[in-house]
Amino acid sequence: MVNTNKVAIYARVSTDDQSVDAQMRDLREYCQLRKWNPTEYIDHSVGGAKESRPDWNKCWDALQKGKVKVLVVHSLDRLGRSLPHLVKIITFMTERNITLVSFRENIDLSTSAGRMLAGIFSVLAEYERSIISERTKAGLRAAKAKGKKLGNPGRYFDKKRATELRKAGWGQIKIAKELGVGVGTVNRWVHGEYQKENRKQRKSGTGTKGY
């Protein structure tokens with residue numbers, strides 16, 4: 001059973017024009033559903049490649065001293081984009097029987113499947129970043145040139161309603177349930193169209209900061 005007072009949230013954004021609001025909404029909702037009372041650690045304008053980050057240093061110290069037994073992050077790349085650094089963190093937490101939960105990748109290190117997936121993800125992370133994106137874009141361009149339509153039609157996703165709910169402070173899980181779509185669909189929208197629209201609004205002075 002999880003000690004509700006030994007749970008921590010860690011969030012990070014790399015630049016001044018980004019906000020942790022979206023990350024924190026999802027993570028707080030996740031912990032609230034599990035009746036956890038997390039300590040929050042947040043780093044602003046700090047790149048993931050840097051090993052020295054003020055609040056991460058505090059969080060890491062709490063992990064080493066056993067004050068934190070469950071760490072919840074929005075995605076593994078919030079911990080660091082350096083593959084050796086990420087592997088070091090995951091290995092340490094596995095050895096100390098500390099649970100790592102990654103919201104976006106749906107990884108829970110407390111399960112055998114979660115530990116396996118976390119290990120695979122760590123090994124492939126750097127490789128994926130370097131080539132998968134470009135290959136995917138090339139494949140889509142080739143398919144489009146041939147007139148092909150990719151993917152299967154899914155459930156209708158009401159983006160207008162989703163935007164209203166998101167601005168009202170709803171997390172991704174609640175939005176997905178309300179609109180009858182998968183959390184993955186909402187997650188892709190939040191980090192795609194919704195994020196771009198927020199940036200446009202901020203530039204025009206009509207919007208609020210988003211993740």
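Before any of the text, the structure's been laid out above.
I will try to describe carefully the structure that is included in this document. Residue numbers restart at each chain and count upward from 1, following the sequence in its written direction. Only residues with pLDDT of at least 70 are given local features in this predicted model, and only at 80 or more are side-chain atom pairs given and counted; all residues enter the totals for whole chains, interfaces and linings. Excluding hydrogens and water, the side-chain values take into account all heavy atoms of the structure.

Quick look at the sheet that holds strand 2 (residues 39–43)
- Spatially, five strands are ordered 2-1-3-4-5 in an open sheet, and the strand pairing comes out mixed. Across the chains shown, the open sheet's two edge strands, defined by having one partner strand only, are strand 2 and strand 5 (107–108).
- Summarising the sheet, strand 3 (residues 70–73) and strand 4 (residues 99–102) pair through four bridges and their orientation is parallel. The residue bridging valine 73 from the neighbouring strand is serine 102, located in strand 4.
- The contact definition used throughout considers only heavy atoms, calling two residues in contact when any of these lie within 4.5 Å. Orientation is described by axes fitted as lines to C-alpha atoms, over the contacting stretch for helices, and by angles from 0 to 180 degrees between their N-to-C directions. By definition, any uninterrupted DSSP run of H or I lasting at least four residues is a helix, any uninterrupted run of E lasting at least two residues is a strand, and each is numbered from the N terminus. Together, strand 1 (7–12), strand 2 and strand 3 form the strand contacts of helix 2 (residues 54–64), whose direction differs from that of strand 2 by roughly 145°. We call two strands paired when DSSP finds no fewer than two bridges between them.

Brief notes about the nonpolar core
- One finds Tyr10, Trp56, Leu63, Leu71, Leu79, Met93 and Leu100 to be the most contacted residues of the largest nonpolar core, which totals 22 residues.
- Every element with two or more residues in this core is listed here: strand 1, helix 2, strand 3 and helix 3 (83–95).
- Sequence-distant contacts of tyrosine 10, defined by excluding residues within four places in its chain, comprise Leu27, Tyr41, Asp43, Arg53, Asp55, Trp56, Leu71, Val72, Val73, His74, Arg78 and Leu79.
- Counting residues in hydrophobic clusters, the runner-up holds 14 residues, among them Val7, Tyr30, Trp36 and Val70. For this analysis, a nonpolar core means a set of buried residues of the types Ala, Val, Leu, Ile, Met, Phe, Trp, Tyr and Cys, connected via side-chain atoms within 4.5 Å. With a 1.4 Å probe rolled over the protein chains alone, any residue whose accessible area is under 20% of its type maximum counts as buried; one over 50% counts as exposed, and the rest are partly exposed.

A word on the packing of aromatic side chains
- Classification of ring pairs rests on two measures: the distance between centres of Phe, Tyr or Trp rings, Trp counted by its six-membered ring, which must be within 6.5 Å, and the angle between planes, read as stacked under 30 degrees, edge-to-face over 60 and tilted in between. Inspection of the entire model under this criterion finds seven aromatic pairs.
- Their ring planes at 50° and their centres at 4.7 Å tell us that tryptophan 60 and phenylalanine 92 sit as a pair that is tilted. Residue tryptophan 60 is found in helix 2, and its partner phenylalanine 92 is found in helix 3; the two are separated by 32 residues along the sequence. Each of the two residues, tryptophan 60 as well as phenylalanine 92, counts as buried.
- Taken together, a centroid distance of 5.6 Å and an interplanar angle of 85° make the contact between phenylalanine 157 and tryptophan 189 edge-to-face. Here tryptophan 189 lies in helix 7 (residues 183–204) and phenylalanine 157 lies in the loop between helix 4 (112–145) and helix 5 (159–167), a separation of 32 residues in the sequence.
- Comment: the charge-over-ring label is applied if NZ (Lys) or CZ (Arg) is within 6 Å of the ring centre and within 35 degrees of the ring normal. Positioned over the ring face of tyrosine 30 is arginine 34, at 3.5 Å from the centre of the ring.
- Sitting above the plane of the tryptophan 170 ring, lysine 174 keeps its charged end 4.7 Å from the centroid.

A look at unusual backbone geometry
- One non-glycine residue, asparagine 97, lies in positive phi territory at about 60°.
- Of note, asparagine 97 is situated in the loop between helix 3 and strand 4.
- Positive phi values are uncommon outside glycine, yet asparagine 106 reaches one of about 55°.
- Looking at the element boundaries, asparagine 106 is found in the loop between strand 4 and strand 5.
- Here asparagine 106 falls in the exposed class, since its relative accessible area comes to 67%.

Observations concerning helix 5
- Among the residues making up helix 5, those that are buried are Ala162, Leu165 and Arg166. Mapping the buried residues of helix 5 onto a view down its axis gives an arc of 100°, with all of them on the same face. Exposed side of helix 5, more than 90 degrees from the buried face: Lys160 and Lys167 are the residues found there.
- In protein, a polar contact requires one atom able to donate a hydrogen and another able to accept it; more generally it is a pair of N or O atoms within 3.5 Å, and residues adjacent in sequence count only if both atoms are side-chain atoms. Measuring from the side-chain oxygen of the N-cap residue of helix 5 to the backbone nitrogen of lysine 160 gives 3.3 Å; that N-cap residue is aspartate 158.
- At the exit of helix 5 stands glycine 169, carrying a positive phi of roughly 95°. In this context, the arc is that of the directions from the helix axis out to the C-beta atoms.

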